[in-house]
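Below, each chain spelled out in residue letters.
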Amino acid sequence: MRACLDETSSAMTTQELTDLADLIVGHINRNDLAGLAETIAPCATAELVEICERLGDRHRAVMYRLLPKQRALEVFEALDPALQGDLVRGLRDAEVADLFAAMDPDDRVWLLDELPASLAPRLLRGLPQRERQMTADVLGYPQGSIGRRMSPEYVSTHPNLTVAATLSRVRLRLDDAETVYTLPVLDGERRVVGVVGLRDLLGADDATLVGDLMREAPVATADTEEEAAARVCAEQGLLALAVVDSESRLVGILTIDDAVRILEQEESEDVARQGGTEPLRRPYLSTPILTLVHSRVVWLLVLAVGATLTVQVLSVFENTLAQVTVLALFVPLLIGTGGNTGNQAATTVTRALALNDVTPRDLAKVLTRDLRVGALLGVLLGTLGFALAALFYDVRIGLVIGLTLLAVCTVAATIGGVMPLLARAIRVDPAVFSNPFITTFVDATGLVIYFLIARAVLHL
C-alpha cells in the first residue's frame, strides 16, 4: 500500500477536529456546498481522513465529492477498508471505477473483502487487463493467508546484474512499484536467493555485482497465516518480506506498512474478544449504533447463559447459605478474585502466543508455571483474607476464606494459562477463550470449591 499522506498525523487537536466535523455537518444539512468546499480546502490529507472517520455515511460521501481528484485519491487510500466500502456504496459508478483503477492490487483486495461479492466482478471488469490479472491473482489466495495481502508489484534484480543496471530497473518502476527500498534478488528460475537494499546500491560502484551486496532473505510462503508473516516482517525490522509459492518462486512482497496494518487489525480483534465483543473493524465514531449493539449483544447472551451455572451452584448449596448466612457476604469477593486471576493468566499467555514466545507444545510448561504462580498468589491473598475474616468474624470463617482463596487462585491461574493454548491447538482464536468465558467458568468452579470447604471446616 503506497500511502499518499502528506503528513504523518493531523496537526489539529481532537477538539478542533470535532468542531470542524460539526461545522461540515452543518454545511451539508443547510445544503451550503460552497461553504463546505471553502471549509475543507485548507485541510491537510491526514485531517480529512480523521474527519471522514467522524462522519456518517451520507455526510462523508457529500464531503468526499467536493475534494479535488488527487486529494480524493489520497484520502481514499488512507481510509480503513471498511470505510472505503461504505464510501464506495455512496458514490456514483464512474467515481468508484476511477478510484478502483487508481488503487494498488493488494489494496483492491482489502476493499473487495468489505464489499458484497456481487460487486467484485463489475469492478474487476472495468480494470485494464494487466491490473485485472494482478488483482485476480491476489484474490485467488485463501482468506487469512499472506498471499491475499501481498503486492505483486515489485522490482527485482539478479546476482549477476551490476548496480547500474539494477538502479536503471528501479527508475523505470518508480511510479508503479510498491516499494524500491528493498529489492528481492532472483535466480534464473525466479527463486529468491537474497535481498539488496537501495542504500547499499546507492553506496556502491556502478560496476559492482548485486551478488556481492545481497544478504540472506527471510521469506514467507503465500499460504502462511497473514498475522504470522506480518509479525516476522515487524519483528525483524524488514521494509519488505518476500512471498513465495510452493516452489519457492517469488509471487509478491509484503511491505512494512501493510504488516503493521495487519497486526493492528489482529490486535484490535484480540482486545475486543477478550472484552466480550466482536471487533468493529472501523473507527468508533463512524460505526452505526446497530452495529455496536450487534457486536455486543451476542456475547452478552452467551455469557448470560453461562452465568446460569453460577445460579445453579448457588441453588445446590442453598441450605449451606441458610445455615451460615455470613458466607454470602464473601461470594462477590471470591468469584471476583478468581475471575481476575484467570483473566490475568489468559491475557499473559494469549500475548505470548501472539509473539510466538510459547506454542501448544509448551502446554505442560505453562501449566506448571501458572500452577505455581496461582498457588503463590493464593497463599498471599489467602493469608490476608484469613486475617481479616478471622478478625471481624470468626477464626473458622477466616480459615474458610483463606483456604478458598488459595484453591481458587490456583485453579483460576492454571485454567487461564492453559485454555489459550488449547484454543490454538484446535485452531480457535485464543482470545475467544479468554476473559469472558474464563470468568464464567471460574465463577461456577470457585463457588463449588467455596461451599465444599465451608462444609468441611464448619461441619455443615
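Structure's up top.
Fair warning: this is a prediction, and the values are worked out from it, not measured in the lab. (Residues numbered from 1 in each chain as written. Predicted model: local features only at pLDDT ≥ 70, side-chain atom pairs only at ≥ 80, totals over all residues. Heavy atoms only, no water.)

(A) Molecular detail of a nonpolar patch on the surface. A cluster of nonpolar side chains, namely Ile289, Val293, Val297, Val298, Leu301 and Val302, defines an oily patch on the protein surface of about 510 Å² accessible area. Looking at where Leu301 falls in the secondary structure, it is placed in helix α15 (residues 289–316). (Patch = residues over 30% accessible without salt bridge, like charges linked within 9 Å, V, L, I, M, F, W, Y side chains within 5 Å. Areas by Shrake-Rupley, 256 points an atom, 1.4 Å probe, with all protein chains shown as cover. Salt bridge = Lys/Arg side-chain N within 4 Å of Asp/Glu carboxyl O. Helix = DSSP H or I, 4+ residues; strand = E, 2+ residues; numbered from the N terminus.)

(B) Up close: the state of the cysteines. A full pass over the atoms with the stated rule returns 0 disulfides. In this structure Cys52 is not part of a disulfide, and its nearest cysteine sulfur, from Cys43, lies 10 Å away. (Disulfide = S-S within 2.5 Å.)

(C) How the structure looks around the nonpolar core. In terms of nonpolar packing, the biggest core is built from 38 residues, with Ile24, Ile51, Met63, Tyr64, Val75, Phe76 and Phe100 touching the most fellow members. Here the element with the most residues in this core is helix α1 (residues 14–29); it accounts for 5 residues. The residues touching Ile51, leaving out its near neighbours within four places in the chain, are Leu17, Leu20, Ala21, Ile24 and Met63. Within the second largest apolar cluster, 22 residues are counted, among which are Val324, Leu447, Tyr450 and Ile453. (Core = buried A, V, L, I, M, F, W, Y, C linked by side-chain atoms within 4.5 Å. Buried < 20%, exposed > 50% of the residue type's maximum accessible area, 1.4 Å probe, protein only. Contact = heavy atoms within 4.5 Å.)

(D) Representation of the sheet that holds strand β5 (residues 250–255) within the structure. Pairing is mixed in the open sheet, where 3 strands are placed in the order β3-β4-β5. Edge positions in the sheet fall to β3 (219–221) and β5, since each has one partner strand and no second. Each strand axis lies, on average, 35° off the axis of its neighbour in the sheet, ignoring direction. In this structure, β3 lies alongside strand β4 (residues 240–244), joined through 3 bridges in parallel fashion. Along β4, the bridge assignment pairs Ala220 with Val243. Docked against the sheet, helix α13 (residues 226–235) engages β3, β4 and β5, running at close to 60° with respect to β5. (Pairing = 2+ DSSP bridges. Axes fitted to C-alpha atoms, helices over the stretch in contact; angles between N-to-C directions.)

(E) Layout of the side chain of Arg108. Here Arg108 lies in helix α8 (residues 105–112). Classification of Arg108 as buried rests on a relative accessible area of 0%. A polar contact is formed between the side chain of Arg108 and the backbone oxygen of Ala101, at a distance of 3.2 Å. Beyond its immediate chain neighbours, meaning those up to four positions away, Arg108 contacts Phe100, Ala101, Met103, Leu127, Glu131 and Thr135. (Polar contact = N/O pair within 3.5 Å; in protein donor to acceptor, adjacent residues only side chain to side chain.)

(F) Representation of the packing of α8 against helix α10 (residues 129–139) in the model. Viewed as axis vectors pointing N to C, α8 and α10 meet at an angle of 60°, and their least axial separation amounts to 9 Å. Judged by the inter-axis angle, α8 sits oblique to α10. α10 is crossed by α8, and the crossing has right-handed handedness. Contacts from Pro105, Arg108, Val109 and Leu112 in α8 reach Glu131, Met134, Thr135, Val138 and Leu139 in α10. (Parallel < 35°, antiparallel > 145°, perpendicular 65-115°, else oblique. Left-handed = near helix turned anticlockwise from the far one by under 90°.)

(G) Layout of the pattern of salt bridges. Enumeration according to the criterion identifies 17 salt bridges in this entry. Across the pair Arg149 and Glu226 runs a salt bridge whose closest N-O atoms are separated by 3.2 Å. Remark: Glu226 occurs in helix α13 and Arg149 occurs in the loop between α10 and α11 (163–172); sequence separation between them is 77 residues. Here Arg149 falls in the buried class, since its relative accessible area comes to 5%. Glu226 gets classed as buried once you look at its relative accessible area, which sits at 8%. A salt bridge links Glu247 to Arg249; the nearest nitrogen and oxygen atoms lie 2.8 Å apart. A residue is classified by how much of its surface remains accessible, and Glu247, at 41% relative accessible area, is partly exposed. Residue Arg249 is classed as partly exposed on the basis of its relative accessible area, which comes to 34%. The structure contains a network of salt bridges with shared partners spanning Asp113, Arg148, Arg149 and Glu226.

(H) Spatial organisation of the environment of Cys409. Note on placement: Cys409 falls in helix α19 (residues 395–425). With relative accessibility at 1%, the residue Cys409 sits in the buried group. Distance from Cys409 to Gly446, taken between C-alpha atoms, is 9.0 Å for residues 37 residues apart in sequence. With residues up to four places along the chain from it excluded, the contact list for Cys409 reads Thr337, Thr341, Gly374, Leu377, Gly378 and Leu381.

(I) Representation of the pairing of strand β1 (residues 182–186). Of all 5 residues making up β1, 5 are buried, and the element is well covered by its neighbours. Side chains of β1 alternate between two faces, with Thr182, Pro184 and Leu186 and Leu183 and Val185 buried alike. For β1 and strand β2 (residues 192–197), the ladder comprises 5 bridges, and the chain directions are antiparallel. Its bridge partner being in β2, Thr182 is matched across the sheet by Gly197. The antiparallel hairpin formed by β1 and β2 contains 5 residues in its connecting segment, where Arg190 sits at a positive phi of about 65°.

(J) Quick look at the packing of aromatic side chains. Taken as a whole and judged by the stated rule, the model has 3 aromatic pairs. Between the aromatic rings of Phe330 and Tyr393, the centroid separation amounts to 5.6 Å while the plane-to-plane angle is 75°, which identifies the pairing as edge-to-face. Here Tyr393 lies in the loop between α18 (363–392) and α19 and Phe330 lies in the loop between α16 (318–323) and α17 (331–354), a separation of 63 residues in the sequence. Positioned above the aromatic ring of Phe100, the side-chain terminus of Arg108 is 5.8 Å from the ring centre. (Phe/Tyr/Trp six-rings, centres within 6.5 Å; stacked < 30°, edge-to-face > 60°. Lys NZ or Arg CZ within 6 Å of the ring centre and 35° of its normal.)

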